[in-house]
Amino acid sequence: MKRILAGGLLLCLLLYCAGCGQTEDPSKETPVIGYSIDSLIIERWQRDRDVFVSTANQLGAEVDVQDAGGDVDKQIDQIRELIHKQVQVIVVVASDCDRLSAVIREASENGIQVICYDRLVKNAPVDLYLSVDSQQVGRLMGECIRQNVPENGKIICVFGSTHDSNTALMRKGFQEAIEGSGIQVIRSEEADDWVAERAYEVVSEELHAGQQIDAVMCGNDDLAGQAFQALSEYQKAGQVVLVGQDAELAACQRIAEGTQTMTVYKPFLEQARLAAEYAVQLIQGQTPETNDLLYNGSIFVPSYMVAPTAVTEENLDDVIIQSGFHSSTEVYRNISEKQDK
């Protein structure tokens, strides 16, 4: 009996020691993706984040979301914190495409791969860029205005932040679309840091001065919402062509009501899903599929560009509602409420 017990104890001891010598397979550890975003104030960015996180989780990765609240210095600090945490990939929605260059280089020097999302950081070792063709977005806006304003019509442009790499591309596409049309740009401004109230100020000032306005081009639907507010106060809403981008719910409601002419739908839910998939692929050592190569001032960055779609009253249901982007109840809520009254 003593021999049996001793043998059993010896076997247990050997098994225990063997277990002590084993370590977990690092490849089975849950990968962590850093997600650094300029700001989550705008509806569109909240939905991007949700789809990205959900897709990454489904693929077995965790996401560390950092919201800078529109503060570039805070975003730099947050990216440094992600570097300190040794995440495998950082996805960046840049608040300033110039000032983030140094911290992106720090990430690369620490062996962390970087995906620029929607805004391309300049002069930095970016591994991948995912966005929508912003030049085409500008063209779609210009084409809509060209089709809907009289010859020699007068228009106002309120572009987005100069710190956003897409603003210059959008402006270029817009100018290409209206070139040779006789359309007069009577005022062109930028909204620093995408502060929407700038559109209200610009449109209000021109209307107060008695200026004739045939159209207002806005860099996004948040700006368009403020332009709409100014037009409404002067009883011009629905009489002046108004365009924006992002297909925000409020913009789609204005299109249904006839107070905004067009928005540009960018399939950013697909873009967010792809970004999560590509981040996981980079972690796994794979090479994501790309369809473009863009120069950021120092290197050519492998890029994947998603095509935008112009949305007007004519195709609002097909593009927005049929795709499930917004529901019919949401888009036509204000109209239904008026009818009920």
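Residues numbered from 1 in each chain as written. Predicted model: local features only at pLDDT ≥ 70, side-chain atom pairs only at ≥ 80, totals over all residues. Heavy atoms only, no water.

**Student:** Outline the sheet that holds strand 7 (residues 184–190), listing residues and values.
**Tutor:** Taken together, the six strands give an open sheet; going across it, the order is 7-6-8-9-10-13, and neighbouring strands pair in mixed fashion. At either margin of the open sheet sits one strand with a lone partner, and together these are strand 7 and strand 13 (309–311). For this sheet, the mean angle separating the axes of adjacent strands, direction not counted, is 15°. Where strand 8 (residues 215–218) meets strand 9 (residues 241–245), three bridges bridge the pair, whose relative direction is parallel. By the bridge assignment for strand 9, Met217 is matched with Val243. Against the sheet, helix 5 (residues 134–148) makes contact with strand 6 (154–159), strand 8, strand 9, strand 10 (262–265) and strand 13, and its axis sits at roughly 170° relative to strand 9, the strand it touches most. Sitting on the sheet, helix 7 (residues 197–208) touches strand 6, strand 7 and strand 8, and the angle it makes with strand 7 is about 145°. (Pairing = 2+ DSSP bridges. Helix = DSSP H or I, 4+ residues; strand = E, 2+ residues; numbered from the N terminus. Axes fitted to C-alpha atoms, helices over the stretch in contact; angles between N-to-C directions. Contact = heavy atoms within 4.5 Å.)

**Student:** Explain the sheet that holds strand 1 (residues 32–37) residue by residue, including any values.
**Tutor:** Sheet architecture is open: seven strands sit in the order 2-1-3-4-5-12-11, paired in mixed fashion. One side of each edge strand has no neighbouring strand; the edge strands of this open sheet are strand 2 (62–67) and strand 11 (292–295). Neighbour to neighbour, the strand axes of the sheet diverge by 25° on average, direction disregarded. Bridge count between strand 1 and strand 3 (residues 89–93): five bridges; the pairing is parallel. Opposite Ile33, over in strand 3, you have Val89 as the bridge partner. Lying on the sheet, helix 10 (residues 268–283) is in contact with strand 1, strand 3, strand 4 (113–117), strand 5 (128–132) and strand 12 (300–306); it crosses strand 4 at an angle near 175°.

**Student:** Give me the lowdown on the layout of surface pockets, citing residues and values where you can.
**Tutor:** Taken as a whole, the largest pocket spans an internal volume of roughly 380 Å³. Of the residues contributing to the lining of the largest pocket, the split by class is eight nonpolar, seven polar and seven charged. (1 Å grid on protein atoms, 1.4 Å probe; cavity = no way out; pocket = protein on both sides within 12 Å on 5 of 7 lines; lining within 4 Å. Points joined across faces, edges and corners; volume = space filled by probe spheres on them. Nonpolar A, V, L, I, M, F, W, Y, C, P; charged D, E, K, R; others polar.)

**Student:** Can you lay out empty space enclosed by the protein for me, pointing to particular residues and giving the numbers?
**Tutor:** Per the counting criterion, the structure on display carries one cavity of 30 Å³ or more. There is about 180 Å³ of room inside the largest cavity. Taken together, 18 residues line the largest cavity, and the ones lying closest to its centre are Asp118, Asp164, Trp194, Gln245 and Lys266. At the level of elements, helix 2 (43–58), strand 5, helix 5 and helix 6 (165–178) are the ones that each hand at least two residues to the lining of the largest cavity. For the lining of the largest cavity, the residue count by class is six nonpolar, five polar and seven charged.

**Student:** Mind laying out the packing of aromatic side chains, listing which residues take part and the relevant values?
**Tutor:** Enumeration over the complete set of coordinates arrives at seven aromatic pairs. Ring centres of Phe159 and Phe174 lie 6.3 Å apart, and the angle between their planes is 80°; this geometry places the pair in the edge-to-face category. Highlighted residues: Phe159 in strand 6 and Phe174 in helix 6, separated in sequence by 15 residues. The two residues Phe159 and Phe174 agree in class, both being buried. Both rings, one in Tyr265 and one in Phe325, keep their centres 5.1 Å apart while their planes meet at 75°; by these two values the pair is edge-to-face. Here Tyr265, found in strand 10, pairs with Phe325, found in the loop between helix 11 (316–321) and helix 12 (328–331); they are 60 residues apart in sequence, far enough to count as distant. Across this residue pair, the class does not change: Tyr265 and Phe325 are buried. Ring-pair connections join several aromatic residues into one group, and the members of that group are Tyr265, Phe268 and Phe325. (Phe/Tyr/Trp six-rings, centres within 6.5 Å; stacked < 30°, edge-to-face > 60°. Buried < 20%, exposed > 50% of the residue type's maximum accessible area, 1.4 Å probe, protein only.)

Shape is all these values report; function is a separate question.
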